[in-house]
Amino acid sequence: MVNARERAVFYSPLNFVRSAQDALGRFWLDGLHDAESFHDREGPCEVRIRFRKLAWDSDFFHVPVWRIDFIEWTAGADADIQQSIASAITRLCKTLAEQHGRFYCFAEIPSEDLRVLQGLGLAGLRLIETRLTYFRDDLASFNREPRVAVRPATEADVPNLREVARVARNVYDRFHADPFFDERIGDEFLSVYAQNSVRGFTSIVLVPADDREPDAFLAADVIPDYAELLGWSVGRIALTAVASPRRGWNARLIAEASYWMKSQGAGLCYITTQTTNRAVVRGLETLGYRYGRATHIFATQG
């Protein structure tokens, strides 16, 4: 297969760390060892699709949910490569339909992987969402004044946070932008995500610390897996949601999460949002976060 390692760099969620791009690409490829493989040899180029079933998502939505992780091919002209990718995707979806009847399949593709993006379009997959990742790689020097009081969420906060996740709807995220998902199911998915984050799915959930209902939260992780590659752990902001009584708290929570990650020894923090989420982007830039990467979500179903 052609240039797999070179292209894998763009798939790493940290590909903006220029000093370690090759290592990050290899690390990301190594993570595909347990993915399923679909080989297609009927087009001008041989194509291999690496994909996996998402068990939790499948159970929640009551339909098999598959994610395409990576696509590789043998040498060929651009037009042949794109057509071969499209043909392979079409045959994979036919196979999934034969095996499961109804299914849902999506892929997150970096902007740099043009042949794959064009191949998915030729196969008829629809563009659902375009994402931006912002980051700070100097958390040791992070400073924002004035500070605000926050605390870790507790089980007692769960009903409020579930409702916040429902009402703070982002019509441009994948679960609301894709017509495959009923709007109420998309709301419930994020509601359950908030609940499970408090119960240990993420490292911490921060909420405003005062006598009022939280009405805003931020779920975050510290990921130690990158420490050997980068020399420090990595922080990730997984989800934020703010109800109208706490308008303006998104940036405040991100700032306090940055302080918390700094206290946990993380040297870098990143967050992904939609290109349409201008308020979040402005807040991130005000906090000194910088653009890191862009990706596109494509999906189809049977």
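Up top is the structure these notes are about.
Source: prediction; values computed, not measured. (Residues numbered from 1 in each chain as written. Predicted model: local features only at pLDDT ≥ 70, side-chain atom pairs only at ≥ 80, totals over all residues. Heavy atoms only, no water.)

A. Spotlight on the overall build of the chain. In terms of regular secondary structure, the chain is built from eleven helices and eleven strands. For the chain, the C-alpha radius of gyration of 20 Å lies close to 19 Å, the compact-globule estimate for 302 residues. Each of the three principal axes of the chain carries a C-alpha extent, and together these read 65 × 45 × 30 Å. When the 302 residues of the chain are sorted by exposure, 54% land in the buried category. (Helix = DSSP H or I, 4+ residues; strand = E, 2+ residues; numbered from the N terminus. Rg over C-alpha atoms; globule rule 2.2 N^0.38 Å. Buried < 20%, exposed > 50% of the residue type's maximum accessible area, 1.4 Å probe, protein only.)

B. Focus on the nonpolar core. Judged by nonpolar contacts, the single largest core of 32 residues is most densely connected at Ile49, Ile68, Ile71, Ile89 and Leu120. Of all the secondary structure elements, the ones that give two or more residues to this core are helix H1 (4–11), helix H2 (21–30), strand E2 (47–53), strand E3 (65–73), helix H4 (78–100), strand E4 (104–110) and helix H5 (114–122). Top element by residues in this core is H4. It accounts for seven residues. Leave out the neighbours within four places in its chain, and isoleucine 68 touches Ile49, Arg50, Phe51, Ile89, Leu92, Cys105, Phe106, Ala107 and Glu108. One finds Tyr104, Ile128, Leu239 and Ile297 within the second-largest nonpolar core, a separate group that totals 29 residues. (Core = buried A, V, L, I, M, F, W, Y, C linked by side-chain atoms within 4.5 Å. Contact = heavy atoms within 4.5 Å.)

C. How the structure looks around H5. Residues of H5 that are buried include every one of Val116, Leu117, Gly119 and Leu120, and no others. One face of H5 carries all of its buried residues, which in axial projection span an arc of 165°. Here the buried face of H5 lies against H1, E3, H4, E4 and strand E11 (290–301). At the C-terminal side of H5, glycine 124 shows a positive phi close to 90°. (Arc of directions from axis to C-beta.)

D. Just unusual backbone geometry, in detail. Cis geometry marks the peptide bond from glutamate 145 to proline 146, where omega comes out at 0°. Structurally, the position occupied by proline 146 is in the loop between strand E5 (126–136) and strand E6 (150–152). Look at histidine 62: it is not a glycine, yet its phi comes out positive at around 60°. Looking at the secondary structure, you find histidine 62 in the loop between helix H3 (55–61) and E3.

E. How the structure looks around the pairing of strand E8 (residues 216–223). Taking burial as the measure, the eight residues of E8 include seven buried ones, the bulk of the element. Here E8 runs beside strand E9 (residues 233–242); their pairing, made up of eight bridges, is antiparallel. Residue pairing across strands places phenylalanine 217 opposite alanine 241, the latter belonging to E9. (Pairing = 2+ DSSP bridges.)

F. Representation of the packing of H1 against H2 in the model. Where H1 meets H2, the axes come as close as 7 Å, and the angle between the chain directions of the two elements is 90°. Judged by the angle between their axes, H1 and H2 are roughly perpendicular. Of the residues in H2, those touching H1 at Ala4, Arg5, Ala8, Val9 and Tyr11 are Gln21, Asp22, Gly25, Arg26, Trp28 and Leu29. A class-by-class count of the residues in the contact of H1 with H2 yields six nonpolar, two polar and three charged. (Axes fitted to C-alpha atoms, helices over the stretch in contact; angles between N-to-C directions. Parallel < 35°, antiparallel > 145°, perpendicular 65-115°, else oblique. Nonpolar A, V, L, I, M, F, W, Y, C, P; charged D, E, K, R; others polar.)

G. Here's a closer look at the packing of aromatic side chains. Applying the stated criterion across every chain yields a total of 22 aromatic pairs. Measuring from ring centre to ring centre gives 5.4 Å for tryptophan 56 and phenylalanine 60, while their planes differ by 10°; the resulting arrangement is stacked. Of this pair, tryptophan 56 and phenylalanine 60 both sit in helix H3, separated by four residues, roughly a single helical turn. According to the relative accessible area criterion, tryptophan 56 is partly exposed, its value standing at 40%. Between phenylalanine 61 and phenylalanine 189, the aromatic rings sit 5.3 Å apart at their centres with planes inclined by 15°, giving stacked as the arrangement. Taken together, the positions of phenylalanine 61 in helix H3 and phenylalanine 189 in helix H8 (residues 183–201) put the pair 128 residues apart, joining distant regions of the chain. The same class applies to phenylalanine 61 and to phenylalanine 189, which are both buried. Here a set of aromatic residues connected by ring pairs shows up, and it is made of Trp56, Phe60, Phe61, Tyr104, Phe106, Phe175, Phe180, Phe181 and Phe189. Taking the ring centre of phenylalanine 106 as reference, the NZ or CZ of arginine 174 above it sits at 3.9 Å. Lying over the aromatic face of tryptophan 249, arginine 246 brings its terminal NZ or CZ to 5.5 Å of the ring centre. (Phe/Tyr/Trp six-rings, centres within 6.5 Å; stacked < 30°, edge-to-face > 60°. Lys NZ or Arg CZ within 6 Å of the ring centre and 35° of its normal.)

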